[in-house]
Amino acid sequence: EAQVTQNPRYLITVTGKKLTVTCSQNMNHEYMSWYRQDPGLGLRQIYYSMNVEVTDKGDVPEGYKVSRKEKRNFPLILESPSPNQTSLYFCASSFLRTSGMYEQYFGPGTRLTVT
Amino acid sequence: TQLLEQSPQFLSIQEGENLTVYCNSSSVFSSLQWYRQEPGEGPVLLVTVVTGGEVKKLKRLTFQFGDARKDSSLHITAAQPGDTGLYLCAGAEYKLSFGAGTTVTVRA
């Protein structure tokens, strides 16, 4: 089954304690991205990756890191989480059609609470 | 500032009624996508519209892309409780920009 998986699904942590949220896709997509979803703000892109070893900042990258060592994996790293990073996080992967559209497949989400 | 404005923010209707959700922008997009998100899950792509004035139908859902490719609408005919969810529009250029979404509740 084609899917994007994220782990963990729920995480409660304390300020400053480094954490990693993993993301994996089995569709051989080149493009992967991370979003955060907050009430009234919709989905905002944190980082994206066009391919292995190619990553770039999205709209809200501060406080986050990513890596893309393998095509299927795109972990999100919070080196020193703060309460304003409490949010619902989604990983997504895409193929790129010849017309240039990205049709994104989303993971189930990770609800992060930083106290 | 949202690049894409969705209205209304919330919509609650009775089963069998019709509804329309709007997505507006001051920017032109090469294409526009609609997603539906159910509680506890990620958004799922419903449709992509590409051509100005394009109309696409997906069972009881009708999607329209504005002539100027700046706005879109989603119309649901005879809504059912299974249509309940958060509807998101996303404009595509070199990346996707999402609206804040419309929460639709269909009461049985």
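Residues numbered from 1 in each chain as written. Chains lettered and ligands numbered in written order. Predicted model: local features only at pLDDT ≥ 70, side-chain atom pairs only at ≥ 80, totals over all residues. Heavy atoms only, no water.

## Side note on the sheet that holds strand β1 (residues 4–7) of chain B
All names here are of chain B. Pairing within the open sheet is antiparallel, and its five strands lie in the order β1-β3-β8-β7-β6. Single-partner strands in this sheet number two, and they are β1 and β6 (55–58). The sheet shows a mean angle of 15 degrees between the axes of neighbouring strands, direction not considered. (Pairing = 2+ DSSP bridges. Helix = DSSP H or I, 4+ residues; strand = E, 2+ residues; numbered from the N terminus. Axes fitted to C-alpha atoms, helices over the stretch in contact; angles between N-to-C directions.)

## Quick look at the nonpolar core
Among the nonpolar cores identified, the biggest contains 21 residues, and Leu19, Leu32, Trp34, Phe63, Leu74 and Ile76 of chain B are the most heavily contacted of them. Counting residues per element, the ones that place at least two in this core are β3 (19–25), β4 (31–37), β5 (44–49), β7 (61–65), β8 (71–76), β9 (85–92) and β11 (102–107) of chain B. Cys23, Trp34, Val66 and Leu78 of chain A belong to the second-largest nonpolar core, a separate cluster that totals 19 residues. (Core = buried A, V, L, I, M, F, W, Y, C linked by side-chain atoms within 4.5 Å. Buried < 20%, exposed > 50% of the residue type's maximum accessible area, 1.4 Å probe, protein only.)

## Structural notes on the layout of surface pockets
Rolling a probe over the atoms, with the probe sized like a water molecule, indicates the empty space that remains. Approximately 570 Å³ is the volume attributed to the largest pocket. What lines the largest pocket is a set of 29 residues, among which Gln37, Leu88 and Arg111 of chain A together with Gln37 and Leu86 of chain B lie closest to the centre. At the level of elements, β4 (31–38), β9 (87–96) and β11 (110–114) of chain A together with β9 and β11 of chain B are the ones that each hand at least two residues to the lining of the largest pocket. When its residues are assigned to classes, the lining of the largest pocket shows 10 nonpolar, 14 polar and five charged. (1 Å grid on protein atoms, 1.4 Å probe; cavity = no way out; pocket = protein on both sides within 12 Å on 5 of 7 lines; lining within 4 Å. Points joined across faces, edges and corners; volume = space filled by probe spheres on them. Nonpolar A, V, L, I, M, F, W, Y, C, P; charged D, E, K, R; others polar.)

## Brief notes about the state of the cysteines
All names here are of chain B. Per the stated rule, a full pass over the model turns up two disulfides over all chains. In this model, Cys23 is linked to Cys89 through a disulfide, with the two sulfur atoms separated by 2.0 Å. Disulfide Cys23-Cys89: torsion about the S-S bond near 75 degrees, hence right-handed. With Cys23 in strand β3 and Cys89 in strand β9, this pair connects stretches of sequence that are 66 residues apart. Looking at Cys23, the relative accessible area reads 0%, which means it is buried. Relative accessible area serves as the criterion here: at 0%, Cys89 is assigned to the buried category. (Disulfide = S-S within 2.5 Å.)

## Points about the environment of Asp83 of chain B
Residues and elements named next belong to chain B. Of note, Asp83 is situated in the loop between β8 and β9. Since its relative accessible area comes to 3%, Asp83 is described here as buried. Once the C-alpha coordinates of Asp83 and Val106 are considered, the two residues, 23 residues apart in sequence, prove to be 6.7 Å apart. Leave out the neighbours within four places in its chain, and Asp83 touches Arg36, Arg60, Ile76, Val104 and Val106. (Contact = heavy atoms within 4.5 Å.)

## Things to note about the sheet that holds strand β1 (residues 4–7) of chain A
Residue and element names in this part refer to chain A. The strand order across the open sheet built from four strands is β1-β3-β8-β7, with neighbouring strands paired in antiparallel fashion. Edge strands, defined here as strands with exactly one partner in the open sheet, are β1 and β7 (65–66). Two elements, β7 and strand β8 (residues 76–78), share two bridges in a ladder whose sense is antiparallel. Its bridge partner being in β8, Val66 is matched across the sheet by Leu76.

## With respect to the pattern of salt bridges
Per the counting criterion, the structure on display carries seven salt bridges over all chains. Of the charged contacts in the structure, one is a salt bridge between Glu38 of chain B and Arg36 of chain B, with a shortest N-O distance of 3.9 Å. We classify Glu38 of chain B as partly exposed; its relative accessible area is 32%. Across the salt bridge formed by Glu54 of chain B and Lys56 of chain B, the nearest N and O atoms sit 3.8 Å from each other. Connected via shared salt-bridge partners are Lys18, Lys65 and Glu79 of chain A. (Salt bridge = Lys/Arg side-chain N within 4 Å of Asp/Glu carboxyl O.)

Structural measurements only, silent on function.
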